Amino acid sequence: MDAENETSDFWQDHSLKFLEMAFRTDRRERLEKPDGYGKKTGDCGDTVEFFMNLDGDRIRNLSYDINGCLNTNACCNAVIELVEGRPVDTAWEVTPEQVSGFLESLPADHFHCAELVVGTLYLALSNVRENRRSPWKKLYG
């Protein structure tokens, strides 16, 4: 297969939703003193960090930083679409299957990207709980 066919297959093999999420970078931002933070490195070597800010019990915004592939970037943006503006408690219900379904065309051999990103979300949510129990930790975190 020549390079031209490989390129055209990529664009045709993915849904518009996947492509939009894969190439979106406006949410890629490191926040100082977030309400919740999570960082995880997957077996594939990709690393994801989430920075969460709250407005009461709602997720006001979620930003991320990654050292990873296009599929991981797509999964990060999908998670943000699924949780931003919603109550913190409902964010625990997000699953890798939902992320994959949202993207419509995440390759099966990259499902681990959705697992990595959702796992990182859970770490950020756990950090929110910890910071609520011990608010002083956020000041020094």
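First, a word on what this report is: a plain description of the structure on this page. (Residues numbered from 1 in each chain as written. Predicted model: local features only at pLDDT ≥ 70, side-chain atom pairs only at ≥ 80, totals over all residues. Heavy atoms only, no water.)

**Brief notes about the overall build of the protein chain**
Counting its regular elements, the protein chain contains seven helices and three strands. Helices and strands in the protein chain line up, N terminus first, as α-α-β-β-β-α-α-α-α-α. Within the protein chain, residue pairs in contact and separated by at least 24 positions form 60% of the contacts whose partners lie at least 6 positions apart. When the accessible surface of the protein chain is summed, it comes to about 7,800 Å², and 48% of that surface belongs to carbon and sulfur atoms. (Helix = DSSP H or I, 4+ residues; strand = E, 2+ residues; numbered from the N terminus. Contact = heavy atoms within 4.5 Å. Areas by Shrake-Rupley, 256 points an atom, 1.4 Å probe, with all protein chains shown as cover.)

**Regarding the sheet that holds strand 2 (residues 47–55)**
Ordered in space as 1-2-3, the three strands form an open sheet in which the pairing is antiparallel. A strand with exactly one partner marks an edge of an open sheet, and here the two such strands are strand 1 (36–41) and strand 3 (58–67). Shown here is a sheet whose adjacent strand axes are inclined to one another by a mean of 15 degrees, direction ignored. With nine bridges connecting them, strand 2 and strand 3 associate as antiparallel partners. Paired with D55 across the bridge in strand 3 is R58. Along the sheet, helix 3 (residues 70–83) makes contact with strand 2 and strand 3, crossing strand 3 at roughly 175 degrees. Strand contacts of helix 6 (residues 111–133): strand 1, strand 2 and strand 3, with the helix running at about 145 degrees to strand 1, the strand carrying the most contacts. (Pairing = 2+ DSSP bridges. Axes fitted to C-alpha atoms, helices over the stretch in contact; angles between N-to-C directions.)

**Side note on the packing of aromatic side chains**
A full pass over the atoms with the stated rule returns three aromatic pairs. Between the aromatic rings of W11 and F23, the centroid separation amounts to 5.6 Å while the plane-to-plane angle is 15 degrees, which identifies the pairing as stacked. You can see W11 sitting in helix 1 (residues 3–13) and its partner F23 sitting in helix 2 (residues 16–23), a full twelve residues away along the chain. Classification of F23 as partly exposed rests on a relative accessible area of 43%. (Phe/Tyr/Trp six-rings, centres within 6.5 Å; stacked < 30°, edge-to-face > 60°. Buried < 20%, exposed > 50% of the residue type's maximum accessible area, 1.4 Å probe, protein only.)

**Section: the side chain of S105**
With respect to the helices and strands, the residue S105 is situated in the loop between helix 5 (96–103) and helix 6. At 2.8 Å, the side chain of S105 and the backbone nitrogen of S15 are in polar contact. If we ignore the near neighbours within four places in the chain, the residues touching S105 are D13, H14, S15 and F18. (Polar contact = N/O pair within 3.5 Å; in protein donor to acceptor, adjacent residues only side chain to side chain.)

**Quick look at the state of the cysteines**
Counted by the stated rule, this structure contains zero disulfides. The structure places no disulfide on C113, whose sulfur is separated from the nearest cysteine sulfur, that of C69, by 4.0 Å. (Disulfide = S-S within 2.5 Å.)

**Side note on unusual backbone geometry**
Of note in the backbone geometry, K33 takes a positive phi value of approximately 50 degrees without being a glycine. Turning to its location among the elements, K33 is positioned in the loop between helix 2 and strand 1. Within the chain, E104 stands out as a residue other than glycine whose phi angle is a positive 70 degrees. When you line up the elements, E104 lands in the loop between helix 5 and helix 6. Among the residues examined, E104 registers a relative accessible area of 57% and is labelled exposed.

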